[in-house]
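# Residue-level structure breakdown
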Amino acid sequence: MDIDGLRMATDGFDTVSTQAQLGLEDDIVNIYKRLEYQDESLVLDVESHIRYAKGGLKELPSAFVTLDASKPWLIYWNLNSISLLGGTISAELRESVISTLLSYQCDNGGFGGGADQLHHLAPTYAAVNALAIIGDENALKQINRDAMITFLKSMVQEDGSVIMHEGGETDIRGAYCAAVVASLLGLDLKDIFKNVPEWIAKCQTYEGGFSATPNLEAHGGYTFCGVGAALLLNATNLIDMDMVLDWTAHRQMRLSGGFQGRTHKLVDGCYSFWVGAVFPMVAMIFGEDSLVNAEGLVKYVLGCCQMQHGLRDKPGKRQDYYHTAYCLAGLGALKFSFPSMPQLAHVNETHPIYNIRPHQVDAMKKLFSKQ
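Residues numbered from 1 in each chain as written. Predicted model: local features only at pLDDT ≥ 70, side-chain atom pairs only at ≥ 80, totals over all residues. Heavy atoms only, no water.

### Focus: the environment of M243
- The topology assignment puts M243 in helix α12 (residues 241–249).
- M243 sits 35 residues away from G208 along the chain, and the two C-alpha atoms are 4.4 Å apart. (Helix = DSSP H or I, 4+ residues; strand = E, 2+ residues; numbered from the N terminus.)

Printed below as a string of structure tokens:
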């Protein structure tokens, strides 16, 4: 079918949402037609993106003060981008990253978003994943596992919901972040996550995806968290996986090939991972991963998201460290399922549950299995 035939059909009654969708489709069609006309091959610019990610591990401009409580995330995003592209960091930068992350560890367990900040499940997940990428055993052994157990247990509520921090919001992200941390550190999942699997199941909506808490709207990021946490907690029997697959498959946009995060929303490069990684996770249960249009997703990420340095959300946006990390992770999750796909030759696979490379997961689990 001609690409113009894949445009969204409207009933003639335009809204802000339909106008935004039609305008974005114009931009994407122009990009794809130019690529076809110029016979350009889509190649991942590895060295350029590595340089961009390394820049994010150095002193950042003052505008980044808004991310003062997200420092472990900035480190994790950029380390994972470098790792997925097969890059390395200097010994000096490696030691700086380790000392910085460990300075964010709280005496009462977990990590804060920066020095002397409240412990919180989101930066705890980012910090532990970042240390797993570094892979330094001495650094990993400095994670206070006993205090971490106390912290994680304090986040789990009686009904099985998980709060992000003391006095914080209940959110399925908390269940996922806590489960990943506990799994990587070799902690007793059954002891920590009492009633959590049942609560996660309540977050599955009538559409098939998962919401932040029960009875809200299904969302790509929350669906990823729900399926990932259920796999880690051996609770996929509580989920309607057929509905998950149906909802997830319908998030891939037929014109762009990328994913949207919610019904009737615009495509966004970050959902290449948040939604795209659900397919290989489901394949861990069913042994099949054939519903994703792999070539369409690669075309969107490399053709529409790739910039001279870094990657972006969509045409018309600027690159940033977050979208660079998750566009690359989307390609890495795709490679997990399609290891021989030529367009993915220059990216390493990522583990679809943990979003670090599989050997990094294995090495950390092996280290703590001895303790």
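### Here we look at the packing of aromatic side chains
- Applying the stated criterion to the full structure yields 16 aromatic pairs.
- Taken together, a centroid distance of 5.9 Å and an interplanar angle of 80 degrees make the contact between Y76 and Y125 edge-to-face. Within this pair, whereas Y76 is found in helix α3 (residues 71–84), its partner Y125 is found in helix α5 (residues 121–134), the two being separated by 49 residues in sequence.
- With relative accessibility at 2%, the residue Y125 sits in the buried group.
- Taken together, the ring pairs in this structure connect W73, Y76, W77, Y125, Y176, F224, F273, W274, Y322 and Y326 into an aromatic cluster.
- Positioned over the ring face of W247 is R251, at 5.0 Å from the centre of the ring.
- The ring of Y32 is capped by K299, whose NZ or CZ atom sits 4.2 Å from the centre of that ring. (Phe/Tyr/Trp six-rings, centres within 6.5 Å; stacked < 30°, edge-to-face > 60°. Buried < 20%, exposed > 50% of the residue type's maximum accessible area, 1.4 Å probe, protein only. Lys NZ or Arg CZ within 6 Å of the ring centre and 35° of its normal.)

### Thoughts on the pattern of salt bridges
- Applying the stated criterion to the full structure yields eight salt bridges.
- For the salt bridge of D136 with R94, the shortest nitrogen-to-oxygen distance reads 3.9 Å. Taken as a pair, D136 in the loop between α5 and α6 (137–140) and R94 in helix α4 (residues 91–103) lie far apart in primary sequence, 42 residues in all.
- Assessed through its relative accessible area of 28%, R94 is described here as partly exposed.
- Measuring nitrogen to oxygen at the nearest pair gives 2.8 Å for the salt bridge that ties R173 to D171.
- The exposure class of R173 is partly exposed, given its relative accessible area of 29%.
- Three or more residues are tied together by salt bridges with common partners; here these are E169, D171 and R173. (Salt bridge = Lys/Arg side-chain N within 4 Å of Asp/Glu carboxyl O.)

### With respect to the packing of helix α1 (residues 16–38) against helix α15 (residues 294–305)
- Axis separation between α1 and α15 bottoms out at 10 Å; the angle between their running directions is 95 degrees. Here α1 is positioned roughly perpendicular relative to α15, judged by the angle of their axes. In contact with I28, I31, Y32 and L35 of α1, α15 contributes K299, Y300, G303 and C304.
- In the contact of α1 with α15, the residues fall into six nonpolar, one polar and one charged. (Axes fitted to C-alpha atoms, helices over the stretch in contact; angles between N-to-C directions. Parallel < 35°, antiparallel > 145°, perpendicular 65-115°, else oblique. Contact = heavy atoms within 4.5 Å. Nonpolar A, V, L, I, M, F, W, Y, C, P; charged D, E, K, R; others polar.)

### Structural notes on helix α7 (residues 145–155)
- Every buried residue of α7 is listed here: R145, A147, M148, F151, L152 and M155. When α7 is viewed along its axis, its buried side chains cluster within an angular range of 150 degrees and face the same direction. Turned more than 90 degrees away from the buried face of α7, the exposed residues are D146 and T150.
- Looking at the buried positions of α7, the neighbouring elements they touch are α5, α8 (172–184), α9 (189–192) and α17 (358–369).
- For α7, the capping residue at the N-terminal end is N144, with a side-chain oxygen 3.3 Å from the backbone nitrogen of D146. (Arc of directions from axis to C-beta. Polar contact = N/O pair within 3.5 Å; in protein donor to acceptor, adjacent residues only side chain to side chain.)

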